[in-house]
Amino acid sequence: MSYKLSELPKIVLDIQNNIANENYDDAENKLLDVVKYYPDEPDLLYNLGELKRKKKNIKEAVRYLSRSIMLNPENVYALNSLGCAYLETQEYNKAEKNLFSCYEISKAYDLETYKNACKNIVLLFLKRGEMHRIKKYAMQIPTMTKSYEELQHIMYMLMGTENVNDIEEYLKLVHSEKDRANLLSDVSTQYCAVNHIDKSRKILSIFEGSMSSSEEYWDAVCRYSEVAHNEDAIHEAAKKILEINPGFVRAYGYLAASLIRETRYEEAMICIDLGLCLDENNTSLCQAKAIAAFKLNYYCMSAFYFRKSIMINSDNSHAKISIANIYRMNEMRLLEKKELEKIIDPLIDSYKNNENQNIILETHLPALGAYVISGGYAFEVEKVAIVKEILGKILKSYDYSKGLNDGFLGLGFLTIEIVTNDVLLHNKITRNNSKFKKAIKSRDRHVVKANKKRLKIGYISSDFRHHSVGIMMASVLANHSKDVEVYLYSTRSSSDLVSSSIKSNSENFHELSSISDSEASSLIESHG
């Protein structure tokens, strides 16, 4: 089939529509057919190169785009597309050359391509780690677009500079006050998510005066205050939102969650009911009502709302675990087993099949722990053993230096003690979270109270010195509760740094090397 030169504009437009609608095969067949007749037509070569890039055939894309640019060095579309292709192959110097050519040429007459060049230059510098070069090009975007997605995308890249003042300057360039408030909420939330609480607080304080009448601004304040554990600030911000917009359902959720944390469950129930009047299928509110009802011992109501939250979101593992807990409290072990197995059975199957375990610590760990704790009732011994094995691997591989997430808190100290008797691992875990420290102290107090005196523990060894046993014992002694009275008996005299550390951390250290076995036996017996 032959094509007239006058038909090319319409043919190119049809091809571009096919590409836009992702009809790539039709577009490619048409392009290859037309290029046979017009092999030196830059626009055809650009479209064919862009199509190849979208189909992830980068090598072919580079060939066609380079040819297009050779024939027309000012083809800004081809320059931009070729720069993007080199970004994908991580050939950053080549990407920079083409993107900057596009940037310089397009600024005079093609605003859309100029904007795209700015975006891609920002991405280039981000990929190369040249954060100091991002600002100039990022700041030009708000003046050229009204698309919230584009504004948000560039703002997230600008956050890589870690300079709050850059974010402030960028947000002030955004025309729409609503977009500015939403972007502020996004950036504040992102800072909180990576634990940059101070940056979140700073950026919110900068805009407080100019955005005090924006519900989006106070929404951001609520999110920040939740992370900062400032309940008073949550109450104040949620009330501000409801003054501006009484139908803002999420504000009732913020208030309810805060009241629950403050153990003000009756007030939380009222707040939740107001929110549910506006949106009866709000997952967060249904779950909050279930929690508040549980705390007030309304177990049937609690189970109902946990069930409802699962109907809205079938992946809500927290609700499933909570229902299992309700069954356990009411001695309904078979029903508890059924609920827990809905969560853990897929994990056990993938573990048996040596597949990658997609374990979400916040939701799966508490379920696994509950299964272990309840083992011995209606539970299968073999399955309990596998669950213990999975938990043991997680406990040993977790990076405790980052602190413990919610999954470990839900797992509980008792489960950890059942799964592993590794003392050093217990120390690692407790050092990173106060909840487990309190659990240990509570347990130790219970033991002491039961015995009406301090628990006495004796250790006897020849290796209270620079030796693997001595190094381990130094750590064990340092973490003993004060409610425990420790006695050490050394059968070898030593004087090095480890032995000195052990002696200093022990109330009762006794050398046995210079006395007979019968005398040593009598000494130990005398200590009770």
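K.L.:
What should I look at first to understand the environment of Ala-288 in this one?
P.N.:
Assignment of secondary structure puts Ala-288 in helix 17 (residues 283–295). When its relative accessible area of 11% is taken as the criterion, Ala-288 is described as buried. When the C-alpha positions of Ala-288 and Ser-66 are compared, they lie 59 Å apart, and in sequence the two are 222 residues distant. In this structure, Ala-288 is in contact with Ile-260 and Ile-272, ignoring residues within four places of it in sequence.

K.L.:
Hey, could you run me through the sheet that holds strand 3 (residues 508–511) in this one?
P.N.:
A sheet is described by the order of its strands in space; here 3 strands give the open sequence 1-2-3, paired in parallel fashion. The outermost strands of the open sheet, each flanked by one partner alone, are strand 1 (455–461) and strand 3. The mean inter-strand angle of the sheet, taken between neighbouring strand axes irrespective of direction, is 15°. Relative to strand 3, strand 2 (residues 484–490) runs parallel, the two being bridged by 4 bridges. Following the sheet pairing, Tyr-487 is matched in strand 3 by Asn-508.

K.L.:
Where do I start with unusual backbone geometry in this structure?
P.N.:
Backbone geometry follows two general trends: most residues other than glycine have a negative phi, and most peptide bonds adopt the trans configuration. The backbone of His-229 shows a phi angle near 60°, a positive value even though the residue is not glycine. Within the element layout of this structure, His-229 appears in the loop between helix 13 (215–227) and helix 14 (231–244). Classification of His-229 as exposed rests on a relative accessible area of 64%. The residue Asn-297 is not glycine, and still its phi comes out positive at about 70°.

K.L.:
Help me understand the side chain of Asp-186, please; the structure alone is not making it clear to me.
P.N.:
By secondary structure assignment, the location of Asp-186 is in helix 11 (residues 177–193). Despite its burial, Asp-186 pairs with no opposite charge; the closest candidate is Arg-223, at 4.8 Å N-O. Setting aside residues no more than four positions away along its own chain, Asp-186 makes contact with Tyr-148, Gln-152, Met-155 and Tyr-156.

K.L.:
Would you take a moment to explain the packing of helix 3 (residues 42–54) against helix 5 (residues 76–88) for this structure?
P.N.:
A packed helix pair is summarised by two numbers, namely the angle formed by the two axes and the spacing between the axes. Where helix 3 contacts helix 5, the two axes come as close as 10 Å, and the packing angle between them is 25°. As the angle between them shows, helix 3 and helix 5 are arranged roughly parallel. Here helix 3 runs over helix 5; the crossing is left-handed. Facing helix 3, whose interface residues are Tyr-46, Glu-50 and Arg-53, helix 5 presents Tyr-77, Ala-78, Ser-81, Cys-84, Ala-85 and Glu-88. Class assignment of the residues belonging to the contact of helix 3 with helix 5 gives a composition of 5 nonpolar, 1 polar and 3 charged.

K.L.:
Looking at this structure, how should I read the packing of aromatic side chains?
P.N.:
What describes a pair of aromatic rings is the distance from one ring centre to the other and the angle between the planes of the rings. Enumeration over the complete set of coordinates arrives at 12 aromatic pairs. Ring centres of Tyr-46 and Tyr-77 lie 6.0 Å apart, and the angle between their planes is 40°; this geometry places the pair in the tilted category. Separated by 31 residues along the polypeptide, Tyr-46 in helix 3 and Tyr-77 in helix 5 bring together distant segments of the chain. An aromatic cluster is built from Phe-100, Tyr-103, Tyr-114, Phe-125 and Tyr-137, whose rings are joined through pairwise contacts. The cationic tip of Arg-63 hangs over the ring face of Tyr-64; the distance from NZ or CZ to the ring centre is 4.6 Å.

K.L.:
Teacher, can you tell me more about the nonpolar core here?
P.N.:
Nonpolar side chains in soluble globular proteins tend to end up buried together. Counting residues in hydrophobic clusters, the biggest one holds 96 residues, and the most contacted among them are Ile-167, Leu-184, Val-187, Ile-203 and Leu-204. Here this core gets 8 residues from one element, more than from any other, and that element is helix 15 (residues 249–261). Leaving out residues up to four positions away in the same chain, Ile-167 has contacts with Met-155, Leu-158, Met-159, Val-187, Tyr-191 and Ile-203. Counting residues in hydrophobic clusters, the runner-up holds 34 residues, among them Leu-395, Tyr-398, Tyr-400 and Leu-425.

K.L.:
Even after reading the chapter, I still don't get helix 10 (residues 164–173), so can you show me in this structure?
P.N.:
Note that an α-helix has 3.6 residues per turn; residues three or four places apart therefore point the same way. Among the residues of helix 10, those classed as buried are Val-164, Asp-166, Ile-167, Glu-168, Tyr-170 and Leu-171. Buried residues belonging to helix 10 abut helix 8 (134–138), helix 9 (148–158), helix 11 and helix 12 (197–206). Sitting at the amino-terminal end of helix 10 is Asn-163, which places a side-chain oxygen 2.9 Å from the backbone nitrogen of Asn-165.

K.L.:
Looking at this structure, I do not really get the environment of Ile-234. What am I missing?
P.N.:
Tracing the backbone shows Ile-234 in helix 14. Residue classification places Ile-234 among the buried residues on the basis of a relative accessible area of 0%. A C-alpha to C-alpha distance of 9.2 Å links Ile-234 and Trp-218, two positions 16 residues apart in sequence. If near-sequence neighbours (up to four positions away) are discounted, Ile-234 is found in contact with Cys-222, Ser-225, Glu-226, Tyr-254, Ser-258 and Arg-261.

K.L.:
How should the state of the cysteines be read in this particular structure?
P.N.:
Evaluation of the coordinates by the stated rule reveals 0 disulfides. Counting only cysteine sulfurs, Cys-84 is the nearest neighbor of Cys-102, a cysteine outside any disulfide, at a range of 8.7 Å. Of all cysteine sulfurs in the structure, the one in Cys-286 sits closest to Cys-300, which takes part in no disulfide; the separation is 17 Å. Residue Cys-300 is classed as exposed on the basis of its relative accessible area of 73%.

K.L.:
Would you explain the pattern of salt bridges in this entry?
P.N.:
Where charged atoms from two side chains of opposite charge approach closely, those side chains can pair. Under the definition given, this model contains 29 salt bridges. Where Lys-115 meets Glu-112, a salt bridge forms, and the shortest distance between an N and an O atom there is 3.1 Å. Within this pair, Lys-115 and its partner Glu-112 are both found in helix 7 (residues 111–128), separated by 3 residues, close to a single helical turn. Classification of Lys-115 as buried rests on a relative accessible area of 5%. Given the relative accessible area of 44%, Glu-112 is considered partly exposed. When the shortest N-O distance is used, the salt bridge between Arg-264 and Glu-267 registers 2.8 Å.

K.L.:
Honestly, the pairing of strand 2 in this entry has me stumped. Any pointers?
P.N.:
Residues in a regular strand project their side chains so that they alternate between the two faces of the sheet. Among the 7 residues of strand 2, 7 are classified as buried, and the element is accordingly described as predominantly covered. Burial along strand 2 is two-sided: Val-484, Val-486, Leu-488 and Ser-490 facing one way and Glu-485, Tyr-487 and Tyr-489 facing the other are all buried. Pairing geometry for strand 1 and strand 2, over 7 bridges, is parallel. Residue pairing in the sheet places Leu-455 in a bridge with Val-484 of strand 2.

Conventions we followed
- Residues numbered from 1 in each chain as written.
- Predicted model: local features only at pLDDT ≥ 70, side-chain atom pairs only at ≥ 80, totals over all residues.
- Heavy atoms only, no water.
- Helix = DSSP H or I, 4+ residues; strand = E, 2+ residues; numbered from the N terminus.
- Buried < 20%, exposed > 50% of the residue type's maximum accessible area, 1.4 Å probe, protein only.
- Contact = heavy atoms within 4.5 Å.
- Pairing = 2+ DSSP bridges.
- Axes fitted to C-alpha atoms, helices over the stretch in contact; angles between N-to-C directions.
- Lys, Arg positive; Asp, Glu negative; His and termini not counted.
- Salt bridge = Lys/Arg side-chain N within 4 Å of Asp/Glu carboxyl O.
- Parallel < 35°, antiparallel > 145°, perpendicular 65-115°, else oblique.
- Left-handed = near helix turned anticlockwise from the far one by under 90°.
- Nonpolar A, V, L, I, M, F, W, Y, C, P; charged D, E, K, R; others polar.
- Phe/Tyr/Trp six-rings, centres within 6.5 Å; stacked < 30°, edge-to-face > 60°.
- Lys NZ or Arg CZ within 6 Å of the ring centre and 35° of its normal.
- Core = buried A, V, L, I, M, F, W, Y, C linked by side-chain atoms within 4.5 Å.
- Polar contact = N/O pair within 3.5 Å; in protein donor to acceptor, adjacent residues only side chain to side chain.
- Disulfide = S-S within 2.5 Å.

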